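Architecture at a glance
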Amino acid sequence: MSGLLRFITSAKTSWIVLVLAALAAGALFALAGGEESDAAPTVGLPDSAESVQADRLLDEFDSADGTSALLVFAADDGELSAETLAAIDAKAFGELADLSSDGFVPPAQVSEDGTVAFLVVPLDPEPDVAAQTERAQELRDAASADLEGVRVYLTGAEGFEVDIAAVFAGADFTLLLTTVIVVAILLLVTYRSPWLWLVPLVVIGVADALAGIVARLVASAVGVTLDASVTGILSVLVFGAGTNYALLLIARYRDELRLHEDRREAMRRALRGAGPAIIASGSTVALALATLLFAELAGNRALGLACAVGIIVAMIFALFVLPAALLLFGRGLFWPYVPRFGSPDAISRSVWGKLGRAVSRRPVIVATSGFIVLGILASGLFFVQTGLSQNDRFLQKPEAVQGQEVLAEAFSAGATSPAAVVVPVEDADEAAAVLADTEGVDAAVIGETTEDWARIDVTLSAAAETPEAFATIERMRAELDDIGNGEGLVGGLDSQALDVTNAQARDQALIIPLILVLVFVVLVVLLRALVAPLLLLIAVVASFFSAVGAAWWLFQTPLFGFPAIDTNVLLFSFLFLVALGVDYSIFLVTRAKEESDRLGITQGMIRALAATGAVITSAGILLAAVFAVLGVLPLITLTQIGIIVCIGVLIDTLLVRTVIVPALAFITKDAFWWPRKPVLRDADAAAQGADALAPVSNEEALAREGAEATAKV
């Protein structure tokens, strides 16, 4: 380890680290060729899902070779006039027929109240996004030409594909630019230096770019597709975690510069002190993310793989590239607050140390009060609703969503997304009759047939992707099991959404316990104790529940007005909050472990809080702000994840790590490290008059370091 530290920090070799990093970055950039991920999020259901099996059979029908656009015509006021309806039918047999795949567009269907009509335009699939967008505009122009007092919407399969592609176009760049601006401002405020902030920002910025490239290469090698939502979260995570590691290392480096005249020796000491905490933190997050590889949904596996790779890249850059980059400059890099050799110990004057001392006087009252606050914040959990329909997943509703909503108001609630049932041909008549009599079904009509299979289009009475629609789908599946050999399958949007909901529930039931066990094991190995890891895990899980509860109250305000939390939000929020939230406790408790060997647990925790309070608070605020940046992306899912994690990180930083964890340590005292026996018992430290905030001279600090080094040898 000493040899590696010297290689990173020595004047003769530290530049090699930067050269190797630059060469690796250049090679990866050349290999990637500027590839970006602007694709919209995919469903990612396993092949065993019934909706997937149904879609596979539907591919055998002639209509599977094509797609369609739905043109919705809504009167601005009152009913559509006879002249307008005639004009719409004329378009169906004229300009729109010329754009259709078979030269024919069926006549318009008109709602009972006469206010809305729609045309279904058959189309050939168009894989090129630009060509598809151009064709969509031609459809809009042809449909709206010479119509007055009528709103025209392009929706259906074609409309959604075009609008979603437009929504995600350039999303990664917008997110990256916003993240960089937020991080730059917060680093500038934290360091109060005109140039120090540039070094970590550039290093972590390069790490983010490389993390995206490496993640795409790894994902491609194992057959996983990364969409825009995954790459967006990846950037946020790399910037957030990477800058946290940078803040911790630079803070320790600043402290060591006061004790060592040689800045390279100071960096070696800083790496030796902060390195284990960074490695433990990064490993915890990476391993927690890796648990998503056991998920059933492909999207969850993609997120876990990409973000685990990103965290590893961020950790490598923080431990190897950042120290070498900082050593290119002298102490003047910290100007105007230059840490002079021999300057006074700042820890003794820390406001966080004074707070820790105050908590130590009434730890039971403080801990109880802290958990009461968490409980109050968590009260929103009793009212949380989960599950968003496709129409509710966008911050700003695109045209396709608006068109679907107009249709849903004018026609049967389920008319806009009929279920596609596939049954053996010989069972078609019986299945159609049974389905038509099923509760929640408005109509069941036999459509296309092949030699072996028949398609039945089933209109539901409930709106798409609602609990009522899901209940109807489950009743339909149960009825089909009793028809013939039970080979009938239910496909369509509602069936797919139900399968996604069920798969997400299974993923949560598996992944959440895995994360808890994994984080607990890492903490046990790191701290060589059982009580401390258990208390830390309880505190961070409590902060997760309080974050979700507080976020739900916020989501119900007019500012957001979200009807529910999306199904995957709770899993991802739990993952990020537990893995990242425990980071701050790791930073604090590893320092407390180091200090308690000479001060006892009470004074050691106070000194650890004094030493890490400022940097952890800065890191927490920065991470919270970075996750809040997810709100610039168009999906409500990402906005909800960003807000919940933002609230949770602030709770972890300002309440759990600052008050609750120290109070728990003061209550348990030496038992905090059980079953490991402390080097210095707390009672003995008190008898010796140990004082966490007593000023420490350079000579005393260096003497202690020498004694510790001798003891290790």
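Figured I'd write up the structure that's included with this text. (Residues numbered from 1 in each chain as written. Predicted model: local features only at pLDDT ≥ 70, side-chain atom pairs only at ≥ 80, totals over all residues. Heavy atoms only, no water.)

**Concerning the overall build of the protein**
When helices and strands are counted, the protein shows 23 helices and 8 strands. If you line up the protein on its principal axes, its C-alpha atoms span 95 × 50 × 50 Å. A buried classification covers 54% of the 713 residues belonging to the protein. Look at the contacts in the protein between residues 6 or more apart in sequence, and 79% of them connect residues 24 or more apart. Surface exposure of the protein reaches about 29300 Å², of which carbon and sulfur atoms provide 61%. For the protein, the separation between the mean place of its 43 positive charges and that of its 80 negative charges on side chains is 30 Å. (Helix = DSSP H or I, 4+ residues; strand = E, 2+ residues; numbered from the N terminus. Buried < 20%, exposed > 50% of the residue type's maximum accessible area, 1.4 Å probe, protein only. Contact = heavy atoms within 4.5 Å. Areas by Shrake-Rupley, 256 points an atom, 1.4 Å probe, with all protein chains shown as cover. Lys, Arg positive; Asp, Glu negative; His and termini not counted. Charge placed at Lys NZ, Arg CZ, Asp CG, Glu CD.)

**Focus on the sheet that holds strand S3 (residues 116–123)**
The strand order across the open sheet built from 4 strands is S2-S3-S1-S4, with neighbouring strands paired in antiparallel fashion. In the strand order of this sheet, the two ends are held by strand S2 (109–110) and strand S4 (150–155), each with one partner. Across the sheet, helix H15 (residues 399–410) is in contact with strand S1 (67–75), S3 and S4; its angle to S4 comes to roughly 115°. (Pairing = 2+ DSSP bridges. Axes fitted to C-alpha atoms, helices over the stretch in contact; angles between N-to-C directions.)

**A short note on unusual backbone geometry**
Cis geometry is found at the peptide bond from tryptophan 335 to proline 336, where omega equals 10°. Take proline 336: it is sitting in the loop between helix H12 (298–326) and helix H13 (351–361). The phi dihedral of lysine 669 is positive, around 50°, even though this residue is not glycine. Among the structural elements, lysine 669 can be located in the loop between helix H21 (636–668) and helix H22 (682–687).

**Describing a negative patch on the surface**
Residues Asp55, Asp59, Glu60, Glu426, Glu451, Asp452 and Glu487 make up a contiguous surface patch of negative charge. Locating glutamate 426 in the fold gives a position in the loop between strand S5 (419–424) and helix H16 (428–436). Residue classification places glutamate 426 among the exposed positions, given a relative accessible area of 64%. (Patch = residues over 30% accessible without salt bridge, like charges linked within 9 Å, V, L, I, M, F, W, Y side chains within 5 Å. Salt bridge = Lys/Arg side-chain N within 4 Å of Asp/Glu carboxyl O.)

**As for the side chain of threonine 472**
Looking at the element boundaries, threonine 472 is found in helix H17 (residues 467–481). Classification of threonine 472 by relative accessible area gives buried; the value is 1%. Other than its neighbours up to four places away in sequence, threonine 472 contacts Glu439, Gly440, Val441 and Leu460.

**What to know about the sheet that holds strand S8 (residues 489–491)**
In spatial order, the strands read S6-S7-S5-S8; together these 4 strands make up an open sheet with antiparallel pairing. Among the strands making up the open sheet, the edge pair consists of strand S6 (441–449) and S8. Between one strand and the next, the sheet's axes are offset by a mean angle of 25°, whatever the strand orientation. Relative to S8, S5 runs antiparallel, the two being bridged by 3 bridges. Across the sheet, the residue bridging to alanine 420 is glycine 491, located in S8. Contacts from H16 reach S5, S6 and strand S7 (453–460) within the one sheet, and its direction differs from that of S6 by about 160°.

**Describing the pairing of S6**
Where S6 meets S7, 6 bridges bridge the pair, whose relative direction is antiparallel. Within the sheet, the bridge partner assigned to valine 445 lies in S7 and is aspartate 457. Hairpin remark: S6 followed by S7, antiparallel, with 3 residues in the connecting loop.

**Some remarks on the environment of threonine 133**
Relative to the helices and strands, threonine 133 is located in helix H6 (residues 129–144). The spacing of threonine 133 and glutamate 161 is 28 residues in sequence and 9.1 Å in space, taken between C-alpha atoms.

**Considering the nonpolar core**
Grouped together as the largest cluster of nonpolar side chains are 167 residues, with contacts concentrated most on Tyr253, Leu289, Leu326, Phe576, Phe627 and Phe672. For this core, the leading source of residues is helix H20 (residues 569–628), giving 32 residues. Beyond its immediate stretch of four places on either side in the chain, phenylalanine 627 contacts Val236, Leu237, Phe576, Leu580, Gly642, Val645 and Cys646. Formed by 23 residues, the second largest nonpolar core is a distinct cluster that contains Ala432, Phe470, Val490 and Ala497. (Core = buried A, V, L, I, M, F, W, Y, C linked by side-chain atoms within 4.5 Å.)

**Some thoughts on helix H11 (residues 263–290)**
Three- or four-residue spacings in an α-helix give side chains the same orientation, since the helix completes a turn every 3.6 residues. Across its 28 residues, H11 extends 37 Å between first and last C-alpha, which sits within 8% of the 40 Å expected from 1.5 Å per residue. Largest kink in H11: about 40°, centred on alanine 274, with the proline proline 276 one to four residues after it. Of the residues flanking the start of H11, the one acting as N-cap is aspartate 262, its side-chain oxygen 3.1 Å from the backbone nitrogen of arginine 264. (Expected span 1.5 Å × (residues − 1). Bend = angle between axes of the 7 residues up to and from the residue. Polar contact = N/O pair within 3.5 Å; in protein donor to acceptor, adjacent residues only side chain to side chain.)

**What about the packing of helix H1 (residues 2–9) against H11?**
Relative orientation of the contacting elements H1 and H11 amounts to 135°, with a least axis distance of 10 Å. In terms of orientation, H1 lies oblique with respect to H11. Relative to H11, the crossing made by H1 is right-handed. For the pair formed by H1 and H11, the contact residues are Ser2, Leu5, Arg6, Ile8 and Thr9 on the first element and Arg264, Met267, Arg268, Leu271 and Arg272 on the second. (Parallel < 35°, antiparallel > 145°, perpendicular 65-115°, else oblique. Left-handed = near helix turned anticlockwise from the far one by under 90°.)

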